[in-house]
Protein chains: 2
Amino acid sequence: MKMDKISCKEELTALRDSLEILGGKWKLQIMRYLSNRPTEENNFKKIKQGIPGISAKMLSKELKDLEINLLINRTVRDTKPLTVAYSITNYGKSVVPVTSMLVNWGLEHREKIIKNYN
Amino acid sequence: MKMDKISCKEELTALRDSLEILGGKWKLQIMRYLSNRPTEENNFKKIKQGIPGISAKMLSKELKDLEINLLINRTVRDTKPLTVAYSITNYGKSVVPVTSMLVNWGLEHREKIIKNYN
DNA sequence: CTGGATCCCTTGTGATACTG
DNA sequence: CAGTATCACAAGGGATCCAG
């Protein structure tokens, strides 16, 4: 936990750094999916089916990005046909609170919107 | 605070709802900027100068989106020349924890990356 | 099964000039 | 001051086919 006082500009820079790593349509969804299944064998196909609407191309790209940033592990199993298991790293678990917060926010936002229409 | 158990698919849907409202390059930065200045007169020009890199076009568009979603207020002052004040709504304050978390995450991520290069 | 390569359309974003 | 209009380009993302 950071306790130093930082300026607004520094805050915005940090915020941008986060968004650069975690932003976009899919990354947080993938992180959430994997964090919900820490013990299972999460192979490519299974993840693709678990995240509605994502294409193979996007999933492939996003997984690569997340791996580069040390947020997930990619393990190739020498089976035949070969399979690949993806899992969250310990470091990657640091984004779980972020996704939790957004999940709750999304639920409450929908409630709020619905209330406004009644 | 939600205590109901929800399925992973529902979680991802809620996450997507959040990202639809708050996602993109600028919305969270704008929210952060405004939440840091709740008492000041935040006019268009000032916000534009406070958020490095944003264009007038984008700022205009994003402010409109945020207003539609009830996250910020837009108040036209009948001065001359006319000025417009933007401020966070009470509801909009609910996203402050999200931005705080991302600011901290961004700071720590940078530290981590630097450490990995040494 | 995993996922790279290619093609192509849509959307996002920036620069510039301009209006009320 | 507070934006809008227009153009132009980059990035995002889907579909399809193909290879290890």
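Residues numbered from 1 in each chain as written. Chains lettered and ligands numbered in written order. Predicted model: local features only at pLDDT ≥ 70, side-chain atom pairs only at ≥ 80, totals over all residues. Heavy atoms only, no water.

Chemist: Whenever I open this one, the interface of chain A and chain B confuses me. Can you help?
Modeler: The figure often quoted for interface size is the accessible area lost as the parts come together. Listed per partner, the contact involves 51 residues of chain A and 51 residues of chain B. With both chains or domains summed, chain A and chain B bury close to 4700 Å², and 66% of this area falls on carbon and sulfur atoms. Joining chain A to chain B, the criterion identifies four salt bridges. A salt bridge links B:R110 to A:D17; the nearest nitrogen and oxygen atoms lie 2.5 Å apart. At the junction of chain A with chain B, the criterion picks out 16 residue pairs in polar contact (both at pLDDT 80 or more). (Contact = heavy atoms within 4.5 Å. Buried area = accessible area lost by both parts, 1.4 Å probe. Salt bridge = Lys/Arg side-chain N within 4 Å of Asp/Glu carboxyl O. Polar contact = N/O pair within 3.5 Å; in protein donor to acceptor, adjacent residues only side chain to side chain.)

Chemist: Just checking my understanding: could you explain the environment of B:E108 for this structure?
Modeler: All names here are of chain B. By secondary structure assignment, the location of E108 is in helix α5 (residues 96-116). The exposure class of E108 is partly exposed, given its relative accessible area of 35%. For the pair E108 and G53, spaced 55 residues apart in the sequence, the C-alpha separation amounts to 23 Å. (Helix = DSSP H or I, 4+ residues; strand = E, 2+ residues; numbered from the N terminus. Buried < 20%, exposed > 50% of the residue type's maximum accessible area, 1.4 Å probe, protein only.)

Chemist: How do you make sense of the protein's contact with DNA strand D when you look at a structure like this?
Modeler: In the vicinity of DNA strand D there are 19 residues, among which A:K57, B:K45, B:S60, B:R74 and B:Y86 approach most closely. Within 4 Å of the protein, the contacting atoms of DNA strand D are drawn from sugar and phosphate to the extent of 67%. In the model, a phosphate oxygen of DNA strand D is placed 3.5 Å from a nitrogen or oxygen of the A:S55 side chain. At a separation of 3.3 Å, a phosphate oxygen of DNA strand D approaches a polar backbone atom of B:V84. Going through the elements one at a time, α4 (56-68) of chain A together with α3 (44-50), α4 (56-68) and β2 (83-88) of chain B are the ones with two or more residues in the surface near DNA strand D. Looking at the surface near DNA strand D residue by residue, the class counts come to eight nonpolar, five polar and six charged. (Near = heavy atom within 4 Å. Nonpolar A, V, L, I, M, F, W, Y, C, P; charged D, E, K, R; others polar.)

Chemist: Would you mind showing me how to read unusual backbone geometry here?
Modeler: For residues besides glycine, phi is generally negative; the peptide bonds are generally trans as well. Its identity is not glycine, yet A:L70 carries a phi of approximately 65 degrees, on the positive side. Owing to a relative accessible area of 33%, A:L70 belongs among the partly exposed residues under this scheme.

Chemist: Help me understand the protein's contact with DNA strand C in this model?
Modeler: Around DNA strand C sit 16 residues, and of these A:K45, A:S60, A:R74, A:Y86 and B:K57 come closest. Protein-adjacent atoms of DNA strand C, using a 4 Å cutoff, are sugar or phosphate at a proportion of 65%. In this structure, a phosphate oxygen belonging to DNA strand C sits 2.5 Å away from a side-chain N or O atom of A:Y86. A distance of 2.9 Å separates a phosphate oxygen of DNA strand C from a polar atom in the side chain of B:K25. Sorting the residues of the surface near DNA strand C by element identifies α3 (44-50), α4 and β2 (83-88) of chain A together with α4 of chain B as the ones contributing at least two each. In terms of residue count, α4(A) provides more of the surface near DNA strand C than any other element does, three residues in total.

Chemist: Please clarify how the confidence of the model for chain A should be interpreted in this entry.
Modeler: Taken over all residues, the pLDDT of chain A has a mean of 92, while the share at 70 or more is 95%. Confidence, read as mean pLDDT per element, is least for helix α5 (residues 96-116) of chain A in chain A (90) and greatest for helix α2 (residues 27-35) of chain A (97). (pLDDT = per-residue confidence, 0-100.)

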